[in-house]
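# Working through the structure, step by step
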Amino acid sequence: MKGRNMTRWRDPAKDPRQEPKSNLITAEGFARLKGIHDHLSRVKRPQLSTKVGEAAALGDRSENADYTYNKKELNRVIARIRYLGKRLDELQVVDRLPADTGRVYFGAYVTLEDEQGEELRIRIVGHDETDAGKHWISIDAPLAKSVLGKGLDDEATVAAPGGETTYVITDISYQAPSA
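Residues numbered from 1 in each chain as written. Predicted model: local features only at pLDDT ≥ 70, side-chain atom pairs only at ≥ 80, totals over all residues. Heavy atoms only, no water.

## Side note on the nonpolar core
Note on soluble globular proteins: their nonpolar side chains tend to be buried together. Of all hydrophobic cores here, the largest spans 19 residues; its most connected members are Val104, Val110, Leu112, Ile124, Leu143, Val147 and Ile169. If you list the elements that add at least two residues to this core, you get strand 3 (109–113), strand 4 (119–125), helix 3 (142–147), strand 6 (155–160) and strand 7 (163–173). Contact partners of Ile169, with chain neighbours within four places excluded, come to Val104, Val110, Thr111, Leu112, Val147, Lys150, Gly151, Leu152, Asp153 and Asp154. (Core = buried A, V, L, I, M, F, W, Y, C linked by side-chain atoms within 4.5 Å. Buried < 20%, exposed > 50% of the residue type's maximum accessible area, 1.4 Å probe, protein only. Helix = DSSP H or I, 4+ residues; strand = E, 2+ residues; numbered from the N terminus. Contact = heavy atoms within 4.5 Å.)

Right, dumping it as structure tokens:
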């Protein structure tokens, strides 16, 4: 049986989408998600509701592109509001430094050096805060798991598609680096 709602079967034990995600988040990340939720529910949703109402008042909805587009957009915004509402309730905000700032824990900025001498500066954040451009990685990522709990000059080995890579931790801080 084929249909548009059919997907291929995935073994739940091996499907990476089934892995549990941590519910940790930084205070800044929580404030950003809360701001997005508030903006969508107080500004965007009422605007779209008004547009849908105006488009519906024009008459025939079956050939009304404005109505169709805005209705789909409204449904997308409502789904996002619902998701963020549930997610914000689940999150645990980490807003203090760990007792041992000489080791890598949640929220740390970590400088790593690979075998070729190239440096990589990452920050370990929650799943909802990841940002590839800033090199903020999820605490659930393999690289983050390999450096958690380690101190300066410790080695961390990560399995990558091209083979294993070994990094040496050269710096750990818990404040944003000065630009």
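Next comes the rest of the write-up.
## Details of the pattern of salt bridges
A complete count under the given rule lists eight salt bridges for this structure. Salt bridges here are not isolated pairs; linked through shared partners, they connect Arg87, Glu90 and Asp128. (Salt bridge = Lys/Arg side-chain N within 4 Å of Asp/Glu carboxyl O.)

## Some details on helix 2 (residues 65–90)
End to end, helix 2 covers 38 Å across 26 residues, agreeing with the expected 38 Å (1.5 Å per residue, within 8%). Every buried residue of helix 2 is listed here: Tyr67, Asn70, Glu73, Leu74, Val77, Ile81, Leu84, Arg87 and Leu88. Looking at where helix 2 begins, the residue whose side-chain oxygen comes 3.2 Å from the main-chain nitrogen of Asp66 is Asn64. (Expected span 1.5 Å × (residues − 1). Polar contact = N/O pair within 3.5 Å; in protein donor to acceptor, adjacent residues only side chain to side chain.)

## Thoughts on the sheet that holds strand 6
Overall, mixed pairing links the five strands, which are arranged 5-4-3-7-6 in an open sheet. Both edges of this open sheet fall to strand 5 (136–138) and strand 6, since each of them pairs with a single strand only. This sheet shows a mean twist of 45° between the axes of neighbouring strands, independent of strand direction. (Pairing = 2+ DSSP bridges. Axes fitted to C-alpha atoms, helices over the stretch in contact; angles between N-to-C directions.)

## A short note on the packing of aromatic side chains
Tallied over the full model, the rule gives zero aromatic pairs. One residue, Arg123, lies across the ring of Trp136, its end atom 4.9 Å from the ring centre. Just above the ring of Trp136 sits the side chain of Lys134; from NZ or CZ to the centre is 4.5 Å. (Phe/Tyr/Trp six-rings, centres within 6.5 Å; stacked < 30°, edge-to-face > 60°. Lys NZ or Arg CZ within 6 Å of the ring centre and 35° of its normal.)

## Some details on unusual backbone geometry
Here the phi dihedral of His135 falls at roughly 65°; this positive angle occurs in a residue that is not glycine. Phi is positive for Asp153, close to 65°, though the residue is something other than glycine. With respect to the element layout, Asp153 can be found in the loop between helix 3 and strand 6. Residue Asp153 is classed as exposed on the basis of its relative accessible area, which comes to 62%.

## A short note on the side chain of Thr26
As for its placement among the helices and strands, Thr26 is situated in strand 1 (residues 24–26). Sequence-distant contacts of Thr26, that is, excluding residues within four places in its chain, are made with Val93, Val94, Phe106, Arg123 and Glu129.

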